[in-house]
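Structural characterization, general
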Amino acid sequence: MTMRNFDRGELLDRLPDYDRGTLSDMERRAIDAALASDPTMARELELIRLARAALAVRDPAVDTDRIVAAIPRPVRTRRATGIGRWSVAASIATLIVGGASLVVVKQQFATRNDSAVVSESLQVASANGAAQPIATSFGYDLSELGADDLAQVMAEMEKFDGMPAATHVARAVVPVAEGGK
Amino acid sequence: MHPDANAAELAADIELIKRWRDGDEKGARALVERHAQALSRFAASQGVRDEVDELVQDTFVRAFAAIDTFRADSSFRTWLFTIERRLILDRRRAFRRRKDDSEVDERDAATAYDSLDTLVAEETAQRIRDAIARLSPMQRDVFTLRLTEGLSYKEIAEVLGSTEGAARVHYHNAVQAVRELLDDDAKL
């Protein structure tokens, strides 16, 4: 192993590590050599030893058991259990069924004679009168709406639907509404 | 400390942290056993006289609660020192709100080791402790961390929120100051 040349400052920096015995062999030998010819450095090492000894006797006792008891439990990823797991499953099923229903309805609108579908709806509304609203989810009776209103409602609904068939349905409704006037 | 030794210490600590995360309490116990004494020494060197045990405990509680923030850029012990020092500063601030600032500092510096005086028979050791107590707070922190804990200047800088170069200067100034204080005492 080749001996590296340390300057005096580097060696002084390492004196505490030398005293603790944590230096590499090369560093230790370099300091050994320097100490033999540098009384000031040797004096500093002596001071370090005395200071370490003086400080070491002051170790306050610590209660390991008490500390360990106070340490929080590790936070682990919470697994879905019992009701929670069923809730998740039910939510997913609801979303799937609901979504599938919407798709089926949209496909019916898209594949059947769209004019006929809307006409049927309007006829049902007309036959049942205000007592039998076609749909209640809009917050009002669809039978009260004119053809233009229905077309506008359908167009607005299509904005919330990413299905490709949606635009087709919207286009299909308009001629019927106009024809119904 | 030698870089290889540092790396081995860090690897051992990381393994213990992993064990604790996996639900093994022995991992936490081993970490406490490895570092609690160093934390208590550091607390004493900071002038903490009462409830050192509680301070060390709080340090570990904080550390384990925030273990995810430990990035292993420095050693686990350095990280603990950083947390403990913050707690000490918080306590001092709280204490100062109740007491006069200067009175607290004077008392801390002059009597940091009073409770142990009776245990220390050797006169030189006492003189050295007195000399260390008269260092500036920053010099005392650097000197203590370097000598008793063997932290590198880089690690000391991390604990104290300073720079590596400043830590080195503070250390050498502290050594010089302690030597001069001892020489002055010897002349009396």
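In what follows, the accompanying structure is described.

Definitions and limits used
Residue positions are given per chain, counted from 1 along the sequence in the order it is written. Note on labels: chains are lettered from A, ligands numbered from 1, in written order. This being a predicted model, a pLDDT of at least 70 is required before a residue's local features are given, and a value of 80 or more before pairs of side-chain atoms are given or counted; all residues contribute to the totals for chains, interfaces and linings. Numbering of helices and strands runs from the N terminus; a helix is a DSSP stretch of H or I covering at least four residues, while a strand is a stretch of E covering at least two. To assign burial, the other C-beta atoms lying within 10 Å of each residue's own C-beta are counted, with C-beta atoms placed from the backbone; 20 or more indicates buried, 12 or fewer indicates exposed, and intermediate counts indicate partly exposed. By the convention adopted here, residues are in contact when the distance between their C-beta atoms, placed from the backbone, does not exceed 7 Å. Axis lines are fitted through C-alpha atoms, for helices just across the contact stretch, and the angle between N-to-C directions can take any value from 0 to 180 degrees. For classification, angles of less than 35 degrees are called roughly parallel, those exceeding 145 degrees roughly antiparallel, those between 65 and 115 degrees roughly perpendicular, and all remaining angles oblique. Take the far helix as your reference; a near helix turned counterclockwise from it by less than a right angle gives a left-handed crossing, and one turned clockwise gives a right-handed crossing. Under the scheme applied here, ten amino acids are nonpolar (Ala, Val, Leu, Ile, Met, Phe, Trp, Tyr, Cys and Pro), four are charged (Asp, Glu, Lys and Arg), and all others, including Gly, are polar. What a helix should span is 1.5 Å times the count of its residues minus one. The directions considered for the arc are those from the helix axis to the C-beta atoms.

Section: the overall build of chain A
Helix and strand counts for chain A come out as 8 helices and 0 strands. When the helices and strands of chain A are read in sequence order from the N terminus, they spell out α-α-α-α-α-α-α-α. Per-residue burial over chain A gives 15% buried out of 181 residues. Of the contacts made within chain A by residues no fewer than 6 positions apart, 47% connect residues no fewer than 24 positions apart.

Remarks on the packing of helix α3 (residues 52-65) of chain B against helix α4 (residues 76-98) of chain B
Residue and element names in this part refer to chain B. Orientation of α3 relative to α4, taken along the N-to-C sense of each, is 120 degrees, at an axis distance of 9 Å. Between α3 and α4, the angle is such that the two are oblique. The hand of the α3/α4 crossing is right-handed. Residues Leu55, Asp58, Thr59, Arg62 and Ala63 of α3 pack against Leu80, Ile83, Glu84, Leu87 and Ile88 of α4. Residues belonging to the contact of α3 with α4 are distributed by class as follows: 6 nonpolar, 1 polar and 3 charged.

Brief notes about α3(B)
Taking 1.5 Å of rise per residue, 14 residues should cover 20 Å, and α3(B) covers 20 Å from first to last C-alpha, within 8% of that figure. Among the residues of α3(B), those classed as buried are Val52(B), Leu55(B), Val56(B), Gln57(B), Thr59(B), Phe60(B), Ala63(B) and Phe64(B).

Notes on helix α3 (residues 39-56) of chain A
Residue and element names in this part refer to chain A. Helix length check: α3 (18 residues) gives 25 Å between terminal C-alpha atoms against 26 Å at 1.5 Å per residue, within 8%. Buried within α3 are the following residues: Glu44, Ile48, Ala51, Ala54 and Leu55. Across the axial projection of α3, the buried residues extend over an arc of 135 degrees, all falling on one side. Away from the buried face of α3 by more than 90 degrees, exposed residues Pro39, Glu46 and Ala56 are located.

Looking at unusual backbone geometry
All names here are of chain B. Positive phi, close to 65 degrees, is recorded for Ala72, a residue that is not glycine. Structurally, Ala72 can be placed in the loop between α3 and α4. On the basis of neighbour count, Ala72 is assigned to the exposed category, with 12 C-beta atoms found within 10 Å.

A short note on the environment of Thr148(B)
Topologically, Thr148(B) is positioned in helix α8 (residues 137-148). Overall, the presence of 22 C-beta atoms within 10 Å leaves Thr148(B) in the buried class. On a C-alpha basis, the gap between Thr148(B) and Ser45(B) in space is 9.7 Å, while along the polypeptide they are 103 residues apart. Here Thr148(B) is in contact with Arg52(A), Leu55(A), Ala56(A), Arg41(B) and Ser45(B), once residues within four sequence places are set aside.

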